[in-house]
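Inside the fold
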Amino acid sequence: MTADLGGGFSEADGGPVRHIPVLLSEVMAALAPKPGEVILDGTFGAGGYSTAILAAGADVIGLDRDPTAIAGGQGLVAASGGRLTLIHSRFSDLASHAPAGGLDGVVLDVGVSSMQIDEAERGFSFQKNGPLDMRMSASGVSAADVVNRAKVSDLIRIFGFLGEEKQAGRIARAIEKAREKEPFTTTRQLANLIETVTPRKAKDKIHPATRVFQALRVFVNDELGELAAALFAAERALKPGGRLVIVSFHSLEDRIVKKFFQDRAGKASGSRHLPEVHERAATFAPVGRPMVAASDEESAVNPRARSAKLRAGERTSAPAGTDDLSIFNLPNLADLEKMGS
């Protein structure tokens, strides 16, 4: 994750501190791994959480959609004595990688990693000029495909909802005009256009392109849809008593996690016209405080932690609920696949 510079947004152009797992002690307290347990780390990244979980005695199944993360973790696999298994996979598919008896815990550190931000060739940062890519999995539709092919109305919705960009219309129309002359291929090219259209003011805490870059990254990687699917998958894969721990870094992600735990807490249905009330069994019980943020001390040492929020729940014995995406109120955005080359 990257540093938050205000407004609940991840800074896509800053220099994050690499390889420091955010809220590590809080994650470990909520997850409570024990020897003999099997924990799934759905966002392996640089292996920060997995290393701590292994040290606590539990076995780890690590997933990452980024093949470079899987390759980079092979040293830890070798050192684990067979207790760490790494799999190239989206975390929305985590249930298919769970053992037959279920998982004792699932931890997800949601969003783009600081390693990806630091690599100019991945196209996540506009401080480091590189191809306009942003694909975590290094395959599929790129940010350049979206910027060059999407309708203006679709760009406005993407920038407005996923980036909460107030100047979405002005930026989208400027993109349409510019791409008629020359397609967008680099991060600097797009960032320069945005800065020209919406110049940075002295009071601005973030670069004018920050929200658009965030929106493109979230859209290209279907981050909100992936998170929602992963929450449902974790509910199916966890044993009774298993812990689900989520660390998110901006308001859109945190809203989804919060709504999921609220929905799964069990609630009564009925009205004054229908006095009979049917109570739905809770599938998760709260663990600790409803939301845990990083301390001032951690944020001072690790800028990535400034916007981090942790929420956790413990699986009950109730049957898993339905995969009802309507509880998240996700927007109906453009079809990503139709924007491919």
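Above this text sits the structure in question.
Residues numbered from 1 in each chain as written. Predicted model: local features only at pLDDT ≥ 70, side-chain atom pairs only at ≥ 80, totals over all residues. Heavy atoms only, no water.

Structural notes on the pairing of strand 5 (residues 238-248)
With respect to burial, strand 5 is a largely interior element, eight of its 11 residues being buried. Pairing of strand 4 (residues 103-109) with strand 5 involves six bridges; the strand directions are parallel. When the bridges of strand 5 are listed, V107 appears paired with V245. Bridge analysis of strand 5 against strand 10 (residues 309-315) gives six bridges, and the strand direction is antiparallel. (Buried < 20%, exposed > 50% of the residue type's maximum accessible area, 1.4 Å probe, protein only. Helix = DSSP H or I, 4+ residues; strand = E, 2+ residues; numbered from the N terminus. Pairing = 2+ DSSP bridges.)

Quick notes on the packing of aromatic side chains
Any aromatic ring pair is given by two values, namely how distant the centres are and how the planes are angled relative to each other. Under the definition given, this model contains five aromatic pairs. Measuring from centroid to centroid gives 5.6 Å for F232 and F328, while their planes differ by 50°, and the two rings are tilted. Taken together, the residues span a long stretch of sequence, with F232 in helix 11 (residues 223-237) and F328 in the segment after strand 10 at a distance of 96 residues. When its relative accessible area of 2% is taken as the criterion, F232 is described as buried. The interplanar angle of 65° and the centroid separation of 5.7 Å between the aromatic rings of F260 and F284 together place this pair among those described as edge-to-face. Taken together, the positions of F260 in helix 12 (residues 251-263) and F284 in strand 8 (residues 284-286) put the pair 24 residues apart, joining distant regions of the chain. In terms of burial, F260 and F284 fall into one category: buried. An aromatic cluster of at least three residues, connected via ring pairs, comprises F232, F260, F261, F284 and F328. Cation over ring: R315 sits above F284, and NZ or CZ is 6.0 Å from the ring centre. (Phe/Tyr/Trp six-rings, centres within 6.5 Å; stacked < 30°, edge-to-face > 60°. Lys NZ or Arg CZ within 6 Å of the ring centre and 35° of its normal.)

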